[in-house]
Amino acid sequence: MSVISCSAFRLGRQDAAVSATSVGLKVAVDKKPALVYRWADVLGASAGLDEGIGATSSMPLVVHVLEKTKGGKRKLRDVVLTSAAADNGIHQMEVDKWVRIVQYFADPRRDANAPCPTLDEVMQHSPRQRTFLVLINPAGGSGKAEKIYDKVESFLVLANVRVEKIVTERPHHALDVAEHLDLVKYDCLVIVGGDGLVYEVVQGFMKRLDWAAAIQFPLGILPAGSGNGLAKSICEAAGEISSPESCMYLSVKGRPVPLDVATLRNASTTCYLVLSLTWGFMAEIDYESEKYRFFGGQRFVVGTLVKLLAPKTWNGTFSYLESTADDADVPRFQASDSPAPELSVLPPLGTPVPPKWKTIEGPMSMFWAMNVSHASTDAHIAPPARLDDGFFHVVVMEGKASRGDYAGVMLGLEKGQHVDQPAVQLIKTRAFQLQTPDEHVLMADGERCDGGTWQVEVHRGMARVMSVMASPP
Ligand SMILES: Nc1ncnc2c1ncn2[C@@H]1O[C@H](COP(=O)(O)OP(=O)(O)OP(=O)(O)O)[C@@H](O)[C@H]1O
């Protein structure tokens, strides 16, 4: 394994041998085990502030590491390496060289499996500076999006990312931004808000003539809404806790990974889901709890308690293509010139569903169809769901549920244990149809829709979000 090394640094009071290996930055001091800062955790490096005065002044090399603590939180640590050289000029050249070395290795676009490069290769191939557009919803959740972003903006700067920022001024502003986004100018769109803001961005991309390229544009998600189900699902899949620090870590150190998107259509409208479709109990809680928005994530708890005072059922028909072992390998989305994603499983609207589809008809107490694992930070609705499995996972409770049934479900949601309740079915499907009376409330990714006949088909891996592969425990 070839390495790039240097021994002209000091860590604290000790001489330190610094080397860039394929795994990370190794800092070895006498009589102690070497420290290794994994490239996966290193944001970048910079020349720090002068540490002396006049002729003795020299800037240290500062390596910015976003370490994972034992509790799983990401915390910024600056590793300061000072000069061991007598000549400050030489030291400064060495610092500048190491800033470039660290930036090269820490760049998430680098192929981590490629052979370790030589120093010449590193110096000749400095990574292009990335530019991220950050979209902040000041009205999301309890209104703290700007503060949340400010806490972690430095991670972008330390990773040598150029930042442009837009604070949304009105509903649908995010949709307009996505519809007109310059896909070449930016490397990533970081969404600072809730699932509603993500929904708008997705609809904006899908309105474009070049929708197939736009929907593949990498999205970073920083949770600042009241539900934040997508952010939580991404973090869960990456083995990170869902904090602003971890989410910004995934945006800046991650690579684009595929995320399923589903067409949702009725006779007059088509839109695109990345989170969920709910009807009945949960849809009404989501919709009616809007008025408790100032509670942040707690608005769902308050809404649920209010709803449980008068349990009821909802009549409708749910038909679905049941997933079998045969569709373990659902085809992935392929870009095409068609004006919209092609539908290969759904029957035309208004025609009977195919005979091999299954149907649940009659009163239901719960209908919660999920594209991803979490509906919110503390609601693990579809434990088997993966970001790009090609399926929706539908939680259904048939018939009239008692308060006890609801209590069992609600208490199990956080850990996904509700699926073990006898009243609950968990259905996996690539396409389904839901028919309800027109006046019923449906929530599509948290947005209100009327009842009627709606169809859903999943496009496997059609969008992309910034994330990392979870490391084994
Ligand atoms: N400046 C603004 N003023 C008012 N509303 C806005 C503004 N900017 C965006 N919005 C709207 O705020 C809505 C909610 O946004 P967001 O999803 O970020 O928060 P949330 O609804 O609290 O979170 P969640 O979707 O997770 O429940 C979006 O539908 C968007 O249209």
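Procedures and definitions
- Residues numbered from 1 in each chain as written.
- Predicted model: local features only at pLDDT ≥ 70, side-chain atom pairs only at ≥ 80, totals over all residues.
- Heavy atoms only, no water.
- Core = buried A, V, L, I, M, F, W, Y, C linked by side-chain atoms within 4.5 Å.
- Buried < 20%, exposed > 50% of the residue type's maximum accessible area, 1.4 Å probe, protein only.
- Domains from an automatic or database assignment.
- Contact = heavy atoms within 4.5 Å.
- Axes fitted to C-alpha atoms, helices over the stretch in contact; angles between N-to-C directions.
- Helix = DSSP H or I, 4+ residues; strand = E, 2+ residues; numbered from the N terminus.
- Left-handed = near helix turned anticlockwise from the far one by under 90°.
- Nonpolar A, V, L, I, M, F, W, Y, C, P; charged D, E, K, R; others polar.
- Pairing = 2+ DSSP bridges.
- Buried area = accessible area lost by both parts, 1.4 Å probe.
- Polar contact = N/O pair within 3.5 Å; in protein donor to acceptor, adjacent residues only side chain to side chain.
- Arc of directions from axis to C-beta.

- You'll find the protein chain entered in an unreviewed UniProt entry as Sphingosine kinase, with Achlya hypogyna given as the organism.

**Focus on the nonpolar core**
Here is step 1: The biggest cluster of nonpolar side chains holds 107 residues, and the ones touching the most others in it are Phe205, Leu277, Phe318 and Phe432.
Here is step 2: Taken together, domain 2 (130–260) and domain 3 (263–458) each give at least three residues to this core, which thus spans both.
Here is step 3: Each residue touching Phe318, except ones within four places of it in the same chain, is listed here: Lys358, Thr359, Ile360, Met364, Phe367, Val394, Val396, Ile427, Phe432, Gln433 and Leu434.
Here is step 4: Membership of the second largest hydrophobic core comes to 28 residues, among which are Ile4, Trp39, Trp98 and Ile101.

**Remarks on the packing of helix H4 (residues 173–180) against helix H5 (residues 195–206)**
Here is step 1: With their axes 7 Å apart at the nearest point, H4 and H5 run at an angle of 35° to one another. Along this stretch, H4 crosses H5, giving a crossing that reads as right-handed. In this structure, H4 contributes His173, Ala174, Leu175, Ala178 and Glu179 to the contact, and H5 contributes Leu197, Glu200, Val201, Gln203, Gly204 and Phe205.
Here is step 2: Residue composition of the contact of H4 with H5, grouped by class: six nonpolar, three polar and two charged.

**Overview of the sheet that holds strand E4 (residues 35–38)**
Here is step 1: Strand order across the open sheet formed by seven strands is E4-E3-E2-E1-E7-E6-E5, with antiparallel pairing between neighbours. On the outer flanks of this sheet lie E4 and strand E5 (42–47), each paired with one strand and no other. When the angles between neighbouring strand axes are averaged without regard to direction, this sheet yields 35°.
Here is step 2: In this structure, E5 lies alongside strand E6 (residues 61–68), joined through five bridges in antiparallel fashion. Directly across from Gly44, in E6, lies its bridge partner His64.
Here is step 3: Helix H3 (residues 145–158) contacts E5, E6 and strand E7 (74–83) of the sheet and is inclined by roughly 70° relative to E5.

**With respect to unusual backbone geometry**
Most of the time, phi is negative for any residue but glycine, and the peptide bond is trans.
Here is step 1: Even without glycine at this site, Lys31 takes up a positive phi of about 65°.
Here is step 2: Unlike most non-glycine residues, Asn160 shows phi in positive territory, near 65°.
Here is step 3: Take Asn160: it is sitting in the loop between H3 and strand E9 (161–167).
Here is step 4: Under the relative-accessibility criterion, Asn160 is labelled partly exposed at 27%.

**A short note on the domain arrangement of the protein chain**
Quoted interface sizes are often the accessible area lost when the parts come together.
Here is step 1: The assigned domain composition of the protein chain is domain 1 (4–125), domain 2 (130–260) and domain 3 (263–458).
Here is step 2: Computed from C-alpha coordinates alone, the two centres of domain 2 and domain 3 are separated by 24 Å.
Here is step 3: Contacts between domain 2 and domain 3 engage 27 residues on the former and 37 residues on the latter.
Here is step 4: Interface area, domain 2 with domain 3, both sides summed: about 2500 Å², of which 63% is carbon and sulfur.
Here is step 5: The three residues of domain 2 that bury the most area against domain 3 are Tyr199, Trp211 and Asp260, which together make up 28% of that side's buried surface.
Here is step 6: Summed over the shared surface of domain 2 and domain 3, the result is nine residue pairs in polar contact (both at pLDDT 80 or more).
Here is step 7: Those elements that provide at least two residues to the side of domain 2 that touches domain 3 are H5, helix H6 (211–214), helix H7 (229–238) and strand E12 (255–265).

**Here we look at the pairing of strand E15 (residues 314–322)**
Here is step 1: A large share of E15 lies buried, amounting to seven of its nine residues.
Here is step 2: Taken together, the seven bridges between E15 and strand E16 (residues 358–370) define a ladder with antiparallel strand orientation. For Trp314, the partnering residue across the bridge sits in E16 and is Met364.

**Structural notes on helix H11 (residues 403–412)**
Here is step 1: Burial in H11 covers these residues: Tyr406, Gly408, Val409 and Gly412. Looking straight down H11, one finds that the buried residues subtend no more than 160° of arc, so they occupy a single side. Opposite the buried face of H11, at more than 90 degrees from it, the exposed residues are Arg403, Gly404 and Leu411.

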